[in-house]
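Descriptive analysis of the structure
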Amino acid sequence: MAAIEILDLEKSYLVGFWRKRPKVALRPLRLTIETGEVFGFLGPNGAGKTTTLKLLMGLVFPTAGTARILGLAMDDPRVKSQIGFLPEQPYFYDHLTARELLDYYGQLSGVPAKGRSARVEQMLSRVGLSDSAGAQLRKFSKGMLQRVGLAQAILHDPKLVFLDEPMSGLDPMGRREVRDLIQQLRHEGKTVFFSTHILSDAEALCDRVGVIHQGELRGVGAVAELTSETQGRVEIVFFAQRVPAALANLGAEARVSGDMVNAVLPEEQQNAALDVLRRENIKLISLTPVRRSLEEYYVQKLRPTEGRKEDDRKEESRKGVGV
Amino acid sequence: MNARIGYIAFNTFREAVRDRVLYNLIAFALLLSGAAILVGEVSIDIERLVVVNLGLTAVSLFGVVIAIFIGIGLVSKEIDRRTLYTVLSRPVRRWEFVVGKFFGLTGTLVVNTFLMAVGVLLALLYVAHRFEKMDAWVLVAFYFIILQFLMVCALALFFSSFSTPLLSAVFTFALFVIGSLAEDLRGFARLAPGVAGGLAKAIAYLVPNFSALNVINQVAHGDAVPGRLILYNTVYALLYSAMAISAAALIFQRRNLK
């Protein structure tokens, strides 16, 4: 069963003081997230990521379209007890302690009174806040608030977790801890839908990613597939202080750094290049196909429509699909 | 009562109390006691009248400002700071949130008024040296003040369900002032002819009638408050507040939380 089915969800706002005109925040979005999947929703600031999450949470209402969450209509009250949500840069009640806040959210989520306080302590410990649990939240740093936000999102053991920019405002250690937490959620069989613009996090965590820009979904793909695609080029690294002329003639783009040369050349020239190295008695360090990074995929999807179509045509012809 | 409404109400109360709103009352009580001592020194025979008048008017005005301030602040703050997101992404219906907030605010205001009433009664005891039977009507005046706060709070929530905090404060305070003159408005409406009269009458009956809840002068003179008025005022304030809260919930139900 799909955990989330977004069916042409669309949102536009009326802007302007006197003459109201519609501003499109999200163009019709169709997307399916499978159960147990970690899905990364990528896009620059203002792309429509937060709007999508707010629509799914029922915080704003769609102009058109709908969605099904865990097999139920998105506005079905039963959905809310099975999902967790961390908003972007969360802010909580200043005068409550972390423990009181989690207890309050536990009450609202229907966590039974018996065992609630144990569950709260467990969550506090899971996000590393046991020592600060009695302090009022107004004394918390941004990173600590983010941890509280994560704890409240998973407090009631939801099946599906929505995280809006979960790494935002965290130091490298904090980011790592959040990554570990998402990995743990995956192992527990939870579905995680998170938005981010930090590509390395998405690459490390996600099964699939979707790229959204200017309110439009530009592409969806499995991270493993995207990053395993070769570019029809190979990278050769060898010990040398200069680039052999014969190698340059094969069309290699080379860079010398110290005693090492790093050369990239078309795949079909690979054997000829190895012959050159053998002839000149040069020690080879590595030969690897050049793979596409998530960043390249992301940048490609963010290009204006015409440039993107051209890239897509090239990609299809390289795969042999035809134009 | 729905348990979630209770949780939201308790949390609202806890937030408001810790937000040091109530601490202002200590300053108020001290000021009032100081004023009572001063009044006791300069008034002859009318100490009681002056203290009751001064005390109840101050409680009413001071309380209305607090009711508007926290009534508007707590809801718009939840929207501005996005604390509402983590509440509404749980199995909480929007109307439950509005009603819970209202009860939490009401609780805060009742505690507020209770503390201020203690200040006024102590001042009264200081100048009069003992309580008399007619002082029981002062308690009725406090009860009416609480009913007034209920309505102000409901109006503040109503306006903040669709407007900015500043405009909500202006609208609520304006309605409080107009409502305090409701009886005069009704008098004018009776005198005005034709369509204008009908319109004035409609407006006069639409605005909250705060003047009926003001018995300060009456109790200051030691006059009794009729039981029928207590009943009418109670029913009126509860119905008016319920209507304002229902309207707030209906508007809030459809609001996009940007």
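Conventions and cut-offs
Starting from 1, residues in each chain are numbered consecutively following that chain's sequence as written. Numbering of ligands from 1 and lettering of chains from A proceed in the order in which they are written. At least 70 in pLDDT is required for a residue's local features to be given in this predicted model, at least 80 for side-chain atom pairs to be given and counted, and no such filter applies to totals for whole chains, interfaces and linings, which use all residues. Only runs of H or I of at least four residues qualify as helices and only runs of E of at least two qualify as strands under DSSP, and these elements are numbered from the N terminus. The size measure is the radius of gyration over C-alpha atoms, and the globule rule it meets is 2.2 Å times the number of residues to the 0.38 power. Around each residue's C-beta, the other C-beta atoms within 10 Å are counted; 20 or more make the residue buried, 12 or fewer make it exposed, and counts in between make it partly exposed. All C-beta atoms are placed from the backbone. Under the definition applied here, buried Ala, Val, Leu, Ile, Met, Phe, Trp, Tyr and Cys residues are grouped into a nonpolar core through C-beta atoms within 7 Å. Residue pairs qualify as contacts under a 7 Å threshold applied to their C-beta atoms, which are placed from the backbone. On a range of 0 to 100, pLDDT expresses the predictor's confidence in each residue. Pairing between strands requires that DSSP locate at least two bridges from one strand to the other. Axes, fitted as lines to C-alpha atoms, cover a helix only where it is in contact. Angles between the N-to-C directions of the axes lie from 0 to 180 degrees. Only Asp, Glu, Lys and Arg are considered charged in this grouping, and only Ala, Val, Leu, Ile, Met, Phe, Trp, Tyr, Cys and Pro are considered nonpolar; every other residue, Gly among them, is considered polar. To sort the angles, those under 35 degrees are grouped as roughly parallel, those over 145 as roughly antiparallel, those from 65 to 115 as roughly perpendicular, and the leftovers as oblique. By convention, the crossing between two helices is left-handed when the near helix turns anticlockwise from the far helix through less than a right angle, and right-handed when the turn is clockwise. Domains are outlined according to an automatic or database domain assignment. The crossover handedness rule: strands pointing away from the viewer, path from first strand over the helix to second strand clockwise, crossover right-handed.

Observations concerning the overall build of chain B
Within chain B, the secondary structure is distributed over 11 helices and 0 strands. Counting helices and strands in the order they occur from the N terminus, chain B gives α-α-α-α-α-α-α-α-α-α-α. Over its C-alpha atoms chain B spans a radius of gyration of 20 Å, differing by no more than 12% from the 18 Å that the globule rule assigns to 258 residues. Relative to its full complement of 258 residues, chain B shows a buried share of 42%.

Remarks on the overall build of chain A
Helices and strands together make up the secondary structure of chain A, namely 11 helices and 14 strands. With the C-alpha coordinates of chain A rotated into their principal frame, the extents come out at 75 × 50 × 40 Å.

Brief notes about the nonpolar core
By size, the foremost hydrophobic cluster in this structure holds 140 residues, and its most contacted members are A151 of chain A together with A67, V152, C153, A154 and L157 of chain B. Counting residues per element, this core draws most heavily on helix α6 (residues 136-160) of chain B, at 17 residues. Among all residues touching C153 of chain B, those that are not within four sequence positions of it are A67, G71, F102, L105, T106 and L109 of chain B.

A short note on the confidence of the model for chain B
Predicted confidence across chain B gives a mean pLDDT of 86, with 93% of residues reaching 70 or more. Interface confidence for the predicted complex, given as ipTM, is 0.85, next to a pTM of 0.83.

Points about the sheet that holds strand β12 (residues 253-257) of chain A
Residues and elements named next belong to chain A. As summarised here, the arrangement of the 4 strands in space is β12-β13-β11-β14, forming an open sheet in which the pairing is antiparallel. Two strands lie at the open edges of the sheet, namely β12 and β14 (284-291), each paired on one side alone. Averaged over all adjacent pairs, the angle separating strand axes in this sheet is 15 degrees, with direction ignored. With 6 bridges connecting them, strand β11 (residues 230-239) and β14 associate as antiparallel partners. Note that in β14 the partner of I236 across the bridge is L287.

Here's the deal with the interface of chain A and chain B
Tallying the contact residues gives 22 residues for chain A and 19 residues for chain B. Here the side of chain A that touches chain B takes 5 residues from helix α2 (residues 98-109) of chain A, the largest share from any one element. Residues belonging to the side of chain A that touches chain B are distributed by class as follows: 14 nonpolar, 7 polar and 1 charged.

Describing the packing of helix α1 (residues 3-18) of chain B against helix α5 (residues 94-128) of chain B
Residues and elements named next belong to chain B. Where α1 contacts α5, the two axes come as close as 7 Å, and the packing angle between them is 45 degrees. Judged by the angle between their axes, α1 and α5 are oblique. The handedness of the crossing between α1 and α5 comes out as right-handed. In this structure, α1 uses R4, I5, I8, A9, F10, N11, T12, F13, A16 and V17 to contact α5, whose residues at the interface are E96, F97, V99, G100, K101, F103, G104, L105, G107 and T108. The class makeup of the residues in the contact of α1 with α5 is 11 nonpolar, 6 polar and 3 charged.

Thoughts on the domain arrangement of chain A
Along its sequence, chain A is carved into domain 1 (2-226) and domain 2 (230-291). Between domain 1 of chain A and domain 2 of chain A, the C-alpha centre-to-centre distance is 45 Å.

Some words on the sheet that holds strand β10 (residues 216-222) of chain A
Residues and elements named next belong to chain A. Taken in spatial order, the 6 strands line up as β6-β7-β8-β3-β9-β10 in an open sheet, and their pairing is mixed. Each end of this open sheet is capped by a strand with a single partner; those strands are β6 (83-86) and β10. The sheet shows a mean angle of 15 degrees between the axes of neighbouring strands, direction not considered. Two strands pair when backbone bridges link them, and strand β3 (residues 38-42) and strand β9 (residues 208-213) are joined in this way by 4 bridges, in the parallel orientation. Looking at β9, one finds that L42 is bridged to V211.

Digging into the environment of V127 of chain A
Residue and element names in this part refer to chain A. The residue V127 is located in the loop between α3 (116-126) and α4 (142-154) in this model. What makes V127 buried here is the crowd of 21 C-beta atoms within 10 Å. As a C-alpha pair, V127 and P244 span 117 residues in sequence and 55 Å in three-dimensional space.

Quick notes on unusual backbone geometry
Residue and element names in this part refer to chain A. With phi around 55 degrees, D8 is a residue other than glycine that occupies positive phi space. In this fold, D8 is placed in strand β1 (residues 2-15). Of the residues examined, D8 has 14 C-beta atoms within 10 Å and is grouped as partly exposed. Even without being glycine, Q89 reaches a positive phi, approximately 40 degrees. Among the structural elements, Q89 can be located in the loop between β6 and α2.

Details of the pairing of strand β7 (residues 160-164) of chain A
Residue and element names in this part refer to chain A. Of all the 5 residues making up β7, 5 are buried; the element is thus mostly covered by neighbouring parts of the structure. Burial along β7 is two-sided: the residues L160, F162 and D164 and V161 and L163 are all buried. Summarising the sheet, β6 and β7 pair through 4 bridges and their orientation is parallel. What sits directly across from G84, in β7, is V161. For β7 and strand β8 (residues 191-196), the ladder comprises 5 bridges, and the chain directions are parallel. Paired with V161 across the bridge in β8 is V192. With helix α5 (residues 172-187) bridging β7 and the parallel β8, this β-α-β connection has right-handed handedness.

Let's talk about the environment of A98 of chain A
Residue and element names in this part refer to chain A. Note on placement: A98 falls in helix α2. Expressed as a C-alpha distance, the spacing of A98 and R27, which sit 71 residues apart in the sequence, is 38 Å. Contacts of A98, omitting those with residues within four sequence positions, involve L124, L129, S132, A133, L137 and V148.

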